[in-house]
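Summary of structural features
Single-letter residue listing:
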Amino acid sequence: DVKVTQSSRYLVKRTGEKVFLECVQDMDHENMFWYRQDPGLGLRLIYFSYDVKMKEKGDIPEGYSVSREKKERFSLILESASTNQTSMYLCASSSPGLEIYEQYFGPGTRLTVT
Amino acid sequence: GQSLEQPSEVTAVEGAIVQINCTYQTSGFYGLSWYQQHDGGAPTFLSYNALDGLEETGRFSSFLSRSDSYGYLLLQELQMKDSASYFCAVRVLYGQNFVFGPGTRLSVLP
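Everything in this summary refers to the structure shown in the same document.

About the criteria used
By convention here, each chain's residues receive numbers from 1 onward along its written sequence. Going through the entries in the order they are written, you letter the chains from A and number the ligands from 1. At least 70 in pLDDT is required for a residue's local features to be given in this predicted model, at least 80 for side-chain atom pairs to be given and counted, and no such filter applies to totals for whole chains, interfaces and linings, which use all residues. Values shown for side chains rest on all heavy atoms present in the structure; no hydrogens or waters enter the calculation. What counts as a helix is a DSSP run of H or I of at least four residues, what counts as a strand is a run of E of at least two, and both are numbered from the N terminus. Radius of gyration: over C-alpha atoms. The globule rule applied is 2.2 Å multiplied by the number of residues raised to the 0.38 power. Accessible area is worked out with a 1.4 Å probe on protein chains only. A residue is then buried under 20% of its type maximum, exposed over 50%, and partly exposed in between. It only takes one pair of heavy atoms within 4.5 Å for two residues to be counted as in contact. Note on areas: Shrake-Rupley with a 1.4 Å probe; residue coverage comes only from the protein chains shown. In this tally, Asp and Glu contribute negative charge and Lys and Arg positive charge; neither His nor the terminal groups of the chain are included. Where a charge sits is defined by one atom per residue type, namely NZ (Lys), CZ (Arg), CG (Asp) or CD (Glu). Whether two strands pair comes down to DSSP finding at least two bridges between them. Think of each axis as a best-fit line through the C-alpha atoms, taken over the contacting stretch in the case of a helix, with angles from 0 to 180 degrees between the N-to-C directions. When two components associate, each loses some accessible surface as probed by a 1.4 Å sphere; the sum of these losses over both components is called the buried area. A pairing counts as a salt bridge when a side-chain nitrogen of Lys or Arg comes within 4 Å of a carboxyl oxygen of Asp or Glu. Here a polar contact is taken to be a pair of N or O atoms separated by no more than 3.5 Å, where protein atoms must pair a possible hydrogen donor with a possible acceptor and residues adjacent in sequence count only if both atoms sit in side chains.

Each helix and strand in chain A was counted, giving zero helices and eleven strands. Reading chain A from its N terminus to its C terminus gives the helix and strand order β-β-β-β-β-β-β-β-β-β-β. Over its C-alpha atoms chain A spans a radius of gyration of 13 Å, differing by no more than 12% from the 13 Å that the globule rule assigns to 114 residues. Projected onto its principal axes, the C-alpha positions of chain A cover 40 × 30 × 25 Å. The buried share of chain A, reckoned over its 114 residues, is 50%. Sequence-distant contacts in chain A: of pairs separated by 6 or more residues, those separated by 24 or more amount to 56%. Here chain A displays about 5,500 Å² of accessible surface, and carbon together with sulfur accounts for 49% of that area. Taken together, the 15 basic and 16 acidic charged side chains of chain A have centroids lying 8 Å from each other.

Listed below in structure tokens is the structure:
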């Protein structure tokens, strides 16, 4: 069974803390994505990676960085958490080519920054 | 900029047919996909269109008209379990970049 897992379902951090969100997929997918989801705004792409050590900015990369050292793992880093980064964070993965449309999502991490 | 528009809410009864529209204005276009998300759950892929026309997958169909920058998701024989949010997403100019719409909340009534 296809699976994308995220390190935490719920996370509470303080303003200014460095935050790591981990995502692991077991489908040998080349592509991995990080989105944030906010009510009324849908999903917004933060970063994506199409190969190990490769990354591209999405629509809202400011305040975030990513790391992909292994094919199955894609990490999202909040360098200095701020209250406006309180959100649901979703990781996804897909194969290349036309299969990129079929993204598999993890359960999400609800991050609260106080 | 990039923008996708969907109705915020749609209500229908069991057994009916419902259409959820999506219009887009994006810099470049490669294809349109649809996702379903139940409350508290992860989005799950339903369908995609890279070319104009209708794609059918069981009770769900998706349509695309690139000349009109418009697509829709058609759900037939509605069931209570179809109550969820539905998102359209456009794959834009830069390869793996996807822009999602704000989502349409579908309520199926008995």
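Having put the structure on the table, let's press on.
It is worth spelling out the sheet that holds strand 3 (residues 19-25) of chain A at this point. Residues and elements named next belong to chain A. Strand order in the open sheet made by the four strands is 1-3-8-7, with antiparallel pairing throughout. Each having just a single partner strand, strand 1 (4-6) and strand 7 (64-70) make up the two edges of the open sheet. Across this sheet, the average inter-strand angle for adjacent strands is 20°, counted without regard to direction. Bridge count between strand 3 and strand 8 (residues 73-78): six bridges; the pairing is antiparallel.

A word on the interface of chain B and chain A. Interfaces are often described in size by the accessible area the parts lose on coming together. Residue-level contacts link 22 residues of chain B with 24 residues of chain A. Of the roughly 1,800 Å² buried between chain B and chain A on both sides combined, carbon and sulfur atoms contribute 59%. Our count for the contact surface shared by chain B and chain A stands at zero salt bridges. The interface formed by chain B and chain A contains five residue pairs in polar contact (both at pLDDT 80 or more). Ranked by residues supplied to the side of chain B that touches chain A, first place goes to strand 4 (residues 31-37) of chain B with five residues.

Residues and elements named next belong to chain A. Structurally, Thr109 is set in strand 11 (residues 109-113). Residue classification places Thr109 among the buried positions, given a relative accessible area of 1%. Only 3.4 Å separates the side chain of Thr109 from the side chain of Gln6, close enough to count as a polar contact. Beyond its immediate sequence surroundings of up to four residues, Thr109 is in contact with Gln6, Ser8, Arg9, Leu11, Leu21, Ser87, Met88 and Tyr89.

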